[in-house]
Amino acid sequence: MKYKISAFIISLILILGGILRFSHINKEMQIYNSTKKIYNIGDEVPFEKDFFFNAGEIADGYSITVLDTSYFTINEFKEKYNINDDSLLEFSEYVYIIRVKFKNNNTNSSEKTGINISHLILQETSFISYPDMDTFMFLNDFDYFGFSLSSNKEREFIIPFGINEDYININELINGDTKLVVTLYPNKKMINLN
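Since the structure is predicted, the reported quantities are computational estimates derived from the model, not experimental observations.

A. Spatial organisation of the layout of surface pockets. Taken as a whole, the largest pocket holds about 220 Å³ of empty space. The wall of the largest pocket is formed by 16 residues, among which Glu-57, Gly-114, Ile-115, Asn-116 and His-119 lie closest to the centre. Contributions of two or more residues to the lining of the largest pocket are made by strand 5 (115-116), strand 8 (146-147) and strand 10 (179-183). Per-class residue counts for the lining of the largest pocket are eight nonpolar, six polar and two charged.

Rendered as C-alpha cells:
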C-alpha cells in the first residue's frame, strides 16, 4: 500500500513539474507574437527589419506610403483602365485599388534587397485578400511583382485587389476596419484605409 501511495505522489509531482515547465517555456517564447503598429493614409511607413515569412525578406531602408484608395465595379474598372482581357479578375465583382509609393531612403544595401508586392495583405475583421498579380503587372506596365529601387529613388504603384462578394462583403470593406498589412514579424505594421 505504501508503494502505491509513494508512486502516486511521485507521479503527481512529475506531472505538476511538467505542466509548470511547459507553461514557463511557452510564456517566455514569443515566436509568433508580434507587436502591432498602426499607421494612417499618408504616413511614411518604414519596413526596417520587419518581414512576412522569413528574415531573408528584410527590406530595411525601404518605406511605403498609401496615397489613396478607391473601388469600382468590375465593369467600371475595366472601362477606366481600358482592359479588354476577360481573364483579369474574372471571378471578381469589385476591384479595390490602393495607390502606394515605395521609396528607397538613401540606403545602398537596399538595392540588393527589395519589395514583393504579393506579400501585402488587405485585411478586415472577417477576411483577408491578396493583390491580383496579373492585374497589378498590367496596370503598372511591369513584368514582375518584386522589385528593388536605387538609392533615393521612389516609385508609385496601383495595387488591385479582386473582391468576390461570396467571400468579402464590399460594404464591410468600404466601411469597416480595413487595413493594408505591410509586415508581420516581429512587428505587424498595418495602415488604416478607412
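B. Region of the structure containing the sheet that holds strand 9 (residues 154-163). Across the sheet, which stays open at both edges, the four strands sit in the order 2-3-4-9 with antiparallel pairing between neighbours. Because the sheet does not close on itself, it has two edges, and the strands there are strand 2 (44-46) and strand 9. In this sheet, adjacent strand axes meet at a mean angle of 30° when their direction is disregarded.

C. Region of interest: the side chain of Asp-50. Assignment of secondary structure puts Asp-50 in the loop between strand 2 and strand 3 (62-73). The class of Asp-50 is buried, set by a relative accessible area of 3%. Within the local environment of Asp-50, its side chain forms a polar contact with the side chain of Asn-187, the two groups lying 3.1 Å apart. Apart from residues no more than four positions distant in its own chain, Asp-50 is found in contact with Ile-58, Ala-59, Thr-183, Tyr-185, Pro-186, Asn-187 and Lys-189.

What counts and what doesn't
- Residues numbered from 1 in each chain as written.
- Predicted model: local features only at pLDDT ≥ 70, side-chain atom pairs only at ≥ 80, totals over all residues.
- Heavy atoms only, no water.
- 1 Å grid on protein atoms, 1.4 Å probe; cavity = no way out; pocket = protein on both sides within 12 Å on 5 of 7 lines; lining within 4 Å.
- Points joined across faces, edges and corners; volume = space filled by probe spheres on them.
- Helix = DSSP H or I, 4+ residues; strand = E, 2+ residues; numbered from the N terminus.
- Nonpolar A, V, L, I, M, F, W, Y, C, P; charged D, E, K, R; others polar.
- Pairing = 2+ DSSP bridges.
- Axes fitted to C-alpha atoms, helices over the stretch in contact; angles between N-to-C directions.
- Buried < 20%, exposed > 50% of the residue type's maximum accessible area, 1.4 Å probe, protein only.
- Polar contact = N/O pair within 3.5 Å; in protein donor to acceptor, adjacent residues only side chain to side chain.
- Contact = heavy atoms within 4.5 Å.

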